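The primary structure of each chain is shown beneath.
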Amino acid sequence: LSMFKEYFQYKGISFPELIYSAQGLREAENGFRVRDDDIFNVTYQKSGTVWMLEILSLIRSNGDPSWCRTVPNWERGPWYETILGLRMAQGNRSPRIISSHLPIQLFAKSFFRSKAKVVYTVRNPKDVLVSLYHFAQIFRPYKEPGRMDQFLERFLEGDGECRGGGGWHCSAPTWRAPGGGLATDPRPYSPPPQDLRGSIQRICRFLGRELEDQALDAVVANASFQAMKQNKMSNFSLSPSFLLDQSKKSFLRKGGAGPGNW
Ligand code: A3P
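Residues numbered from 1 in each chain as written. Predicted model: local features only at pLDDT ≥ 70, side-chain atom pairs only at ≥ 80, totals over all residues. Heavy atoms only, no water.

Novice: Just to check I follow, could you spell out the sheet that holds strand β4 (residues 97–100) for this structure?
Specialist: Within a sheet, each strand pairs with its neighbour through backbone hydrogen bonds, oriented either parallel or antiparallel. Taken in spatial order, the three strands make up an open sheet running β4-β3-β5, and their pairing is parallel. The open sheet is flanked by β4 and β5 (117–121), the only strands paired with a single partner. Strand-to-strand, the axes of this sheet are offset by a mean angle of 20 degrees, without reference to chain direction. Judged from the four bridges that link them, strand β3 (residues 39–43) and β4 form a sheet pairing that is parallel. From the neighbouring strand, Asn 41 faces β4, where its bridge partner is Ser 99. Relative to the sheet, helix α9 (residues 196–207) contacts β3 and β5, its axis offset from that of β5 by approximately 160 degrees. (Pairing = 2+ DSSP bridges. Helix = DSSP H or I, 4+ residues; strand = E, 2+ residues; numbered from the N terminus. Axes fitted to C-alpha atoms, helices over the stretch in contact; angles between N-to-C directions. Contact = heavy atoms within 4.5 Å.)

Written out as structure tokens, the structure is:
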């Protein structure tokens, strides 16, 4: 499979060619038609993308977990810049949830003329580094991460080698910069895991989808690390092995933060 571990450059950022193509990225940027009721789930990778995807899916379903238990997360909220995700996103019914790791300068142009919303999740880059180091060992499109000290150096340099869509520096800071998605919105936030319920409530308010107490409880319960680990539609156990090798480690690794997590 090593022959697939090739990268190409698109506008100065490297992408692994097993899941991205230049044509797909061009279409995501220039051709993708954003709808006003789209909700974008944007992150730098390993920052809690699928966790936020689960929260957004459950809010969309008013706390009812059936959608999350019957449809894989990558279909519920496809990564629209990937080869497979683009078609899924185009075909999904509104209101769509669309995931992305793109830096803002490569984002769908039509987004900036729309009323669509972005929920951007930020995670402490120290935790991101550790999570990515483990992930790069099981995600087939990425090169082997090598030793941690070397990996750390490359991470700090913003090198895109083990990471589709550029380094951390290309993502969080670009989305926060003046004129960026978050800065134009008066309600920026990053959900602290310590207060999951309160964070979900704030997300609901931002989306204009306030939930009854019971529905909110159901979102909290079904978006927990344990619930997601047990749900085969959310734990990537259905992911084909040419993409993910979970024989060594699982995608939902520890789900914590800080030194205890490293
Ligand atoms: P760890 O590798 O530190 O465990 P992404 O979805 O952006 O790839 O991020 C994956 C990280 O989010 C993993 O971190 C994963 O365990 C964590 N995660 C996913 N769902 C979670 C949840 N419900 N609660 C806490 N962490 C979660």
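Let's pick the thread back up.
Novice: What's the story with the environment of Phe 135 in this structure? I'm lost.
Specialist: With respect to the helices and strands, Phe 135 occurs in helix α6 (residues 125–135). With a relative accessible area of 8%, Phe 135 lands in the buried category. Measuring from C-alpha to C-alpha, the distance between Phe 135 and Pro 145 comes to 9.1 Å, with 10 residues separating the pair along the chain. Phe 135 has contacts with Gln 45, Lys 46, Tyr 142, Leu 244 and Phe 251, leaving out every residue within four places of it along the chain. (Buried < 20%, exposed > 50% of the residue type's maximum accessible area, 1.4 Å probe, protein only.)

Novice: What am I meant to see in the site of the ligand here?
Specialist: Residues in close proximity to the ligand total 19 residues, the closest being Thr 49, Ser 131, Arg 253, Lys 254 and Gly 255. Phe 225 is positioned such that a nitrogen or oxygen atom in its backbone is 3.3 Å from a nitrogen atom of the ligand. In the environment of the ligand, an oxygen atom lies 2.7 Å from a nitrogen or oxygen atom belonging to the backbone of Gly 255. Out of a free accessible area of 570 Å², the ligand has 96% covered by protein chains. Where the shell around the ligand is concerned, the elements lending two or more residues are α2 (49–60) and α11 (225–230). (Near = heavy atom within 4 Å. Polar contact = N/O pair within 3.5 Å; in protein donor to acceptor, adjacent residues only side chain to side chain. Areas by Shrake-Rupley, 256 points an atom, 1.4 Å probe, with all protein chains shown as cover.)

Novice: Please explain helix α10 (residues 213–222) as it appears in this structure.
Specialist: Along an α-helix, residues three or four apart share an orientation, since each turn contains 3.6 residues. All of the buried residues in α10 are Ala 215, Leu 216, Val 219 and Asn 222. Seen end-on, α10 carries its buried residues on one side only, within an arc spanning 140 degrees. Turned more than 90 degrees away from the buried face of α10 sit Asp 213 and Gln 214, all of them exposed. The secondary structure elements touched by the buried residues of α10 are α2, α3 (66–70), α9 and α11. (Arc of directions from axis to C-beta.)

Novice: What exactly am I supposed to notice about the environment of Gly 158 here?
Specialist: With respect to the element layout, Gly 158 can be found in the loop between α7 (148–157) and α8 (172–176). Leaving out residues up to four positions away in the same chain, Gly 158 has contacts with Gly 167 and His 169.

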